[in-house]
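Now for the letters of each chain:
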Amino acid sequence: MTASSVEQLRKDGNELFKCGDYEGALTAYTQALGLGATPQDQAILHRNRAACHLKLEDYDKAETEASKAIEKDGGDVKALYRRSQALEKLGRLDQAVLDLQRCVSLEPKNKVFQEALRNIAGQIQEKVSYMSSTDAKVEQMFQILLDPQEKGTEKKQKASQNLVVLAREDAGAEKIFRSNGVQLLQRLLDTGEPDLMLAALRTLVGICSEHQSRTVATLSVLGTRRVVSILGVENQAVSLAACHLLQVMFDALKEGVKKGFRGKEGAIIVDPARELKVLISNLLELLTEVGVSGQGRDSALTLLIKVVPRKSPKDPNNSLTLWVIDQGLKKILEVGGSVQYPPGELTVTANSRMSASILLSKLFDDLKCDAERENFHRLCENYIKSWFEGQGLAGKLRALQTVSCLLQGPCDAGNRALELSGVMESVIALCASEQEEEQLVAVEALIHAAGKARRASFITANGVSLLKDLYRRGEKDSIRIRALVGLCKLGSAGGTDFSMKQFAEGSTLKLAKQCRKWLCNDQIDAGTRRWAVEGLAYLTFDADVKEEFVEDEAALKALFQLSKSEERSVLFAVASALVNCTNSYDYEEPDPKMVELAKYAKQHVPEQHPKDKPSFVRARVKKLLAAGVVSAMTCMVKTESPVLTSSCRELLSRVFLALVEEFEDRGTVVAQGGGKALLPLALEGTDVGQTKAAQALAKLTITSNPEMTFPGERIYEVVRPLVSLLHLNCSGLQNFEALMALTNLAGISERLRQKILKERAVPMIEGYMFEEHEMIRRAATECMCNLAMSTEVQDLFEATGSDRLKLLVLYSGEDDELLRRAAAGGLAMLTSMRPSLCSRIPQVTTHWLEILQALLLSPNQELQHRGAVVVLNMVEASSEIASTLMESEMLEILSVLAKGKESPVMRAAAACLGKAVEYGLIRPSQDGK
């Protein structure tokens, strides 16, 4: 009984494998192994599992499974061959060749084994010759770079470029590593010359990239502290190169070895967790180190943002976050509480505090329970108290600056800090200070507090008059503009609700006009003009403000120029203003019955502004496109800064979707680089943001030539976002647009079809072929029709027990003409590629003959042609099928069509009759026709 169960499961696995369901096959083989199979059966099952892992591109597991099969049966030639394939993919060519030699000795006449052996021998030869020729080159390059006589020469510059290029190839990186390269690169770093330091850092990137052991060895030689300290140098290019190197090192320590070269793996005991903590600890130390450049401090914060928090909430381990909070929260708060002007002990940039806020927010969001969050609050409050109490005015300013930092990041912690005794009172009092630095700190704290619902009412009651006074009577634009932003926040507290106005009629328009005036004044520094954008981001909730803003070409131009500047902290405000202008925020029309009920109960009902109707929104979109919004957004997406948060990405995705809503606007978006900018937005960010960006990509792919919109390799990157729209949590419109876009891509090339198959889209597309909504069902059928050009999809239709062919035949007889066209096209394609399917058409339904006759009798030329091709394929495939067709009314229909005007339909009908004559089923008439 067990033996029969094992055999049945193995057969089930084989069928699943043939159908392309490799994971299902793997499960079947695993179940069979658990039933006490004989050693011979175990060998077969293990080698079959190896085949599945090869198809799934999991080469380590494929090697393991094949080795288990060989342990059971040393002469299993299939297992030996599969292990050689896995070893080749893993780059272990010397081991792969041994398995192939064994295969050839067991089956000397097998041409597949002979060809594989020749190929791998050629690869080994190429590798040996490359490595031997590289030895001398590496030595020569270092001699030139370390020669003091070659200082600043073209020869030295060329040697440094060659070294960097060589390190990009794994074989070259390994050669540099084995040639004492890390020690020599250390000497280049010690020279202090920027060009040589850049060359050394970029070469180290190649050595450490995706290679854990080389990364650990490099840190051991250079010293973790030494590598991190390079971040703090004044030279911006060197600092950024060091940041890139550290990012690569973090990735290597987290992911381990991905590439084939093992290097000195066996000689090094790797403890990734320890090395990670040492690196992070040094970064935290750098944050508060005096003498470190502002750029270096920002880079350290950026690295901590990327490395410390969990990538997914599904990962239960947030121990690294808890460790960083315990060890470094005070250091992060110290950076967040520092001011750019006047310079303090710590040198910071305009972006430092925002980066610190983002890091604090990421750490807080990564906490899992109330106890962890309470510890975070306690540490923050203790730090603020330590500066606020007993440290004089300077301490109070530092405390308030830290509160502002928290309000911009984890606002729960910021709100609790505002409630500490004396904090809010100090903010109000210092706003009236005669010292500009003190006023700046207090007004900014007031602005950030005004954005929080819990404090807005308090400030409306106590701070509005103060802000108005600062705005009207302030002598410094830096103070006036910040006071204006506070008023803007309070004035927009009603959001998009037209009936909720905080200030008198026309006040918001006056505030917006002043914001635009400051925004356009290029005599004011970018850091101050940023606040004008902050104000507009709040005021553009009002549709009147939106209308005036998009009419002001100078203000739009200034906004877009500022978004491209070094002032990165403006990005979120720019994106927020654009979302408001395009109405791309989420809005649902209230149910009329619920509105009536709310009015009866005397409850407040939100009202939409008349100028927020679709016609006004479309007009605003046109004006933004004409002003160059796409090129500005493209530059924003390219920003490599922590300020481009997931939330900011989502806002940009929303705007892009609004911009491509109208068919005629999509060409403009593509021409200004919108297609390229959407790809990273669709692959990274919040789930909502990725979905919005993917939908925008789908719209572009449907209505434009994908090869022009996404040139080169970029077209293959579009597939994954489109497939993500097929999931059930997406709307019907998103499903439909994704299917249409994939249909276009599937019709371009086999490589694109393979990419779609690799993303496992076929089962989802098949599911939508059963959808009740006729447009989705039709789009899925059209997509499957184009995918049918791939042999893998043809195999699915040909698989035993599959109903896929039956569905296409039945759909060819539906009332929906477009659905019939798609299904008939798929049938014509499949019966041409796989003649064996022709004999199965009569078996899938008793109505097959009626369906084919209806196609041939259709007034639609396309349907006629597709039906004629299917009939021709069936006639050519088998004389028995031809006989059945000629005995029916099909003969009369074909005869009529064959006498018609010259056309593809007439030629196909004539070919059918000619084949029937050839079989002897019919005879030509006396006139030879």
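What this report covers is the structure whose coordinates are included nearby.

Reading the values: rules and limits
- Residues numbered from 1 in each chain as written.
- Predicted model: local features only at pLDDT ≥ 70, side-chain atom pairs only at ≥ 80, totals over all residues.
- Heavy atoms only, no water.
- Helix = DSSP H or I, 4+ residues; strand = E, 2+ residues; numbered from the N terminus.
- Contact = heavy atoms within 4.5 Å.
- Areas by Shrake-Rupley, 256 points an atom, 1.4 Å probe, with all protein chains shown as cover.
- Core = buried A, V, L, I, M, F, W, Y, C linked by side-chain atoms within 4.5 Å.
- Buried < 20%, exposed > 50% of the residue type's maximum accessible area, 1.4 Å probe, protein only.
- Expected span 1.5 Å × (residues − 1).
- Polar contact = N/O pair within 3.5 Å; in protein donor to acceptor, adjacent residues only side chain to side chain.
- Axes fitted to C-alpha atoms, helices over the stretch in contact; angles between N-to-C directions.
- Parallel < 35°, antiparallel > 145°, perpendicular 65-115°, else oblique.
- Left-handed = near helix turned anticlockwise from the far one by under 90°.
- Nonpolar A, V, L, I, M, F, W, Y, C, P; charged D, E, K, R; others polar.
- Phe/Tyr/Trp six-rings, centres within 6.5 Å; stacked < 30°, edge-to-face > 60°.
- Lys NZ or Arg CZ within 6 Å of the ring centre and 35° of its normal.
- Salt bridge = Lys/Arg side-chain N within 4 Å of Asp/Glu carboxyl O.

1. Observations concerning the overall build of the protein
At step 1: Within the protein, the regular secondary structure consists of 54 helices and zero strands.
At step 2: Within the protein, residue pairs in contact and separated by at least 24 positions form 68% of the contacts whose partners lie at least 6 positions apart.
At step 3: Counting every atom, the protein has about 42,900 Å² of accessible surface; 50% of that belongs to carbon and sulfur.

2. A short note on the nonpolar core
At step 1: The biggest cluster of nonpolar side chains holds 257 residues, and the ones touching the most others in it are Phe656 and Leu659.
At step 2: The element best represented in this core is helix H14 (residues 236-255), accounting for ten residues.
At step 3: What Phe656 contacts, discounting residues up to four positions off in sequence, is Val630, Met633, Val637, Val669, Gly674, Ala677, Leu678, Leu681 and Ala696.
At step 4: Counting nine residues, the second-largest nonpolar core is a separate cluster that includes Leu9, Ala32, Leu45 and Cys52.

3. Description of helix H5 (residues 77-89)
At step 1: Here H5 is 13 residues long and its end C-alpha atoms lie 19 Å apart, about the 18 Å a rise of 1.5 Å per residue gives.
At step 2: For H5, every residue scored as buried is listed here: Val77, Ala79, Leu80, Arg82, Arg83, Ser84, Ala86 and Leu87.
At step 3: The backbone nitrogen of Lys78 has a side-chain oxygen 3.3 Å away, supplied by the residue at the start of H5, namely Asp76.
At step 4: Two residues or fewer past H5, Gly91 is found with a positive phi of approximately 85 degrees.

4. Some thoughts on helix H51 (residues 861-877)
At step 1: In this model H51 runs 24 Å from its N-terminal to its C-terminal C-alpha over 17 residues, within 8% of the 24 Å that 1.5 Å per residue would give.
At step 2: Among the residues of H51, Leu863, Gln864, Gly867, Ala868, Val870, Val871, Leu872, Asn873, Met874 and Val875 are the ones counted as buried.
At step 3: Summarising the contacts, the buried residues of H51 are in contact with helix H48 (817-833), helix H49 (841-844), helix H50 (848-856), helix H52 (879-886), helix H53 (890-898) and helix H54 (904-919).
At step 4: Capping the start of H51 is the job of one residue whose side-chain oxygen sits 2.8 Å from the backbone nitrogen of Glu862: Asn860.

5. Considering the packing of helix H28 (residues 526-539) against helix H30 (residues 553-563)
At step 1: One can describe the packing of H28 onto H30 by two numbers: an axis separation of 11 Å at closest approach and a directional angle of 125 degrees. With respect to H30, the axis of H28 lies oblique. As for how H28 packs across H30, the hand of that crossing is left-handed. Taking contact as the criterion, the partners of Ala526, Arg529, Arg530 and Val533 in H28 are, on H30, Ala558, Leu559 and Leu562.
At step 2: Of the residues contributing to the contact of H28 with H30, the split by class is five nonpolar, no polar and two charged.

6. A short note on the side chain of Thr528
At step 1: Following the sequence through the fold, Thr528 ends up in helix H28.
At step 2: Those residues in contact with Thr528 that lie beyond four places of it in its chain are Ser478, Ile481 and Arg482.

7. Observations regarding the packing of aromatic side chains
At step 1: Within the structure shown, the criterion is met by three aromatic pairs.
At step 2: Taken together, a centroid distance of 5.1 Å and an interplanar angle of 65 degrees make the contact between Phe17 and Tyr22 edge-to-face.
At step 3: Residue placement shows Arg398 over the ring face of Trp387; its charged tip is 4.9 Å from the ring centre.
At step 4: Cation over ring: Arg751 sits above Tyr716, and NZ or CZ is 3.9 Å from the ring centre.

8. Details of the pattern of salt bridges
At step 1: For the coordinates displayed, the defined rule picks out 44 salt bridges.
At step 2: Here Lys755 and Glu759 are joined by a salt bridge, their closest N and O atoms 3.3 Å apart.
At step 3: By relative accessible area, Glu759 is classed as buried at 17%.
At step 4: Of the charged contacts, one joins Arg821 and Glu862 as a salt bridge, the two residues approaching to 3.3 Å between their closest N and O atoms. Of the two residues, Arg821 sits in helix H48 while Glu862 sits in helix H51, which places them 41 residues apart along the sequence.

9. Here's the deal with the packing of helix H9 (residues 170-178) against helix H11 (residues 194-208)
At step 1: Orientation of H9 relative to H11, taken along the N-to-C sense of each, is 110 degrees, at an axis distance of 8 Å. Considering the angle they form, H9 stands roughly perpendicular to H11. Across the interface between the two elements, Ala173, Ile176 and Phe177 from H9 touch Thr203, Gly206 and Ile207 from H11.
At step 2: Of the residues that constitute the contact of H9 with H11, the class distribution is four nonpolar, two polar and no charged.

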